[in-house]
Amino acid sequence: MKTDRWFYSAAGASFLVAMLAGFRWFVTSGTGDGGRLIDPAMFRLDLIHGLAIAAWYVLFFTQSLLISVRNRRLHFKLGWGAVAIALAIAVTGPWVATRSVRITPSGFHFFGMEYSRFLLVMFTEIALYTAFVATAIFARKKPRIHRTAMVMASLCLLAGATARMPFLHPVFGATGWVGLFGPIFCLGAVLLLVRCAVTRSFDRWFAMGYVVLVIVFIASEKLSMTEAWSRMAATILGL
């Protein structure tokens, strides 16, 4: 079905728009939200990590377009580039998270959470992203699983952008997992509904991936509030 082939291109375009909207300050002026200056100790690492994530979304969109126009040969060739980009994200992600918590004042809170507790959420985003990418690689000859895993991997990284959109706070709030993940959960649900509508069938692989994403992200926020994680975070941070 022609409409089905363009579904993933549309999803890729929505991811790109969300990333540009969320990180508009960094893209346009190299600063944090509202023009906040980024600590020099973080800027270079943030830049490398940010460029890797930007490359991921650009490549996802490009790869989706190639499938839409049935250029599978180039799609497969570029696919290995996604592996290199994913590796860069998997390596720099935990590094960025740990260093940002270490250099941030202890009293700082993010979405109602002590920043040291939010560290688990950041680790979980990268870990789940990596797991979905690995699934996509191993299932590259099974299109239904491969495509779903790539979409879910992309959704995993999107909370960093939506959290930087103040206009979403009146809808989802600015605390807890609802504020953090509510926007991407809604986007994922919309994509699932659209997917089912254009194929006129229930995409069980898409639904399963979405459920896993929701459960893991909510669980990470809940676990971050436990005393066990507090002790583990202190060990990781050397406190």
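Above this note sits the structure.
My aim in this report is to walk through the structure given alongside it, one point at a time. (Residues numbered from 1 in each chain as written. Predicted model: local features only at pLDDT ≥ 70, side-chain atom pairs only at ≥ 80, totals over all residues. Heavy atoms only, no water.)

1. Observations regarding the packing of helix α6 (residues 143-156) against helix α9 (residues 176-199)
Just so we agree on the cut-off: Only the stretch in contact is used when fitting a helix axis, every axis being a line fitted to C-alpha atoms; angles between N-to-C directions are given from 0 to 180 degrees. Strands here are runs of E lasting at least two residues and helices are runs of H or I lasting at least four, both read from the DSSP assignment and numbered beginning at the N terminus. If an angle is under 35 degrees, it is roughly parallel; if it is over 145, roughly antiparallel; if it lies from 65 to 115, roughly perpendicular; otherwise it is oblique. The crossing is said to be left-handed when, going from far helix to near helix, the turn is anticlockwise and less than a right angle, and right-handed when the turn is clockwise. Pairs of residues are marked as contacts when any of their non-hydrogen atoms sit within 4.5 Å. Three classes are used: nonpolar for Ala, Val, Leu, Ile, Met, Phe, Trp, Tyr, Cys and Pro, charged for Asp, Glu, Lys and Arg, and polar for all others, with Gly counted as polar.
Remark: α6 packs on α9, axes separated minimally by 11 Å, with the N-to-C direction vectors making an angle of 155°. Between α6 and α9, the crossing angle belongs to the class labelled roughly antiparallel. Of the two possible hands of crossing, α6 and α9 adopt the one that is right-handed. Contacts between α6 and α9 involve Arg147, Val151 and Leu155 from the first element and Ile184, Leu187, Gly188, Leu191 and Arg195 from the second. Of the residues contributing to the contact of α6 with α9, the split by class is 5 nonpolar, 1 polar and 2 charged.

2. A look at the pattern of salt bridges
Stated formally: Salt-bridge detection follows one rule: a side-chain nitrogen of Lys or Arg within 4 Å of a carboxyl oxygen of Asp or Glu. The classification of residues rests on relative accessible area computed with a 1.4 Å probe and restricted to protein chains. Under 20% of the type maximum is buried, over 50% is exposed, and intermediate values are partly exposed.
The tally for this structure, following the rule as stated, stands at 1 salt bridge. In this structure, Arg195 and Asp203 form a salt bridge, with 2.9 Å as the shortest nitrogen-oxygen distance. The pair formed by Arg195 and Asp203 is uniform in burial state, with each residue classed as buried.

3. A look at helix α11 (residues 227-237)
To keep it simple, the criterion reads: Within this analysis, the arc is defined by the directions that extend from the helix axis to the C-beta atoms.
Considered for burial, the residues of α11 that qualify are Trp229, Ala233 and Leu237. Each buried residue of α11 sits inside an arc of 65° when the element is viewed along its axis, so together they form one side. When the buried face of α11 is taken as reference, the exposed residues oriented beyond 90 degrees from it are Arg231 and Thr235. Buried residues belonging to α11 abut α4 (72-103), α5 (115-138) and α10 (204-224). Following α11 by one or two positions, Gly238 has its phi on the positive side, about 70°.

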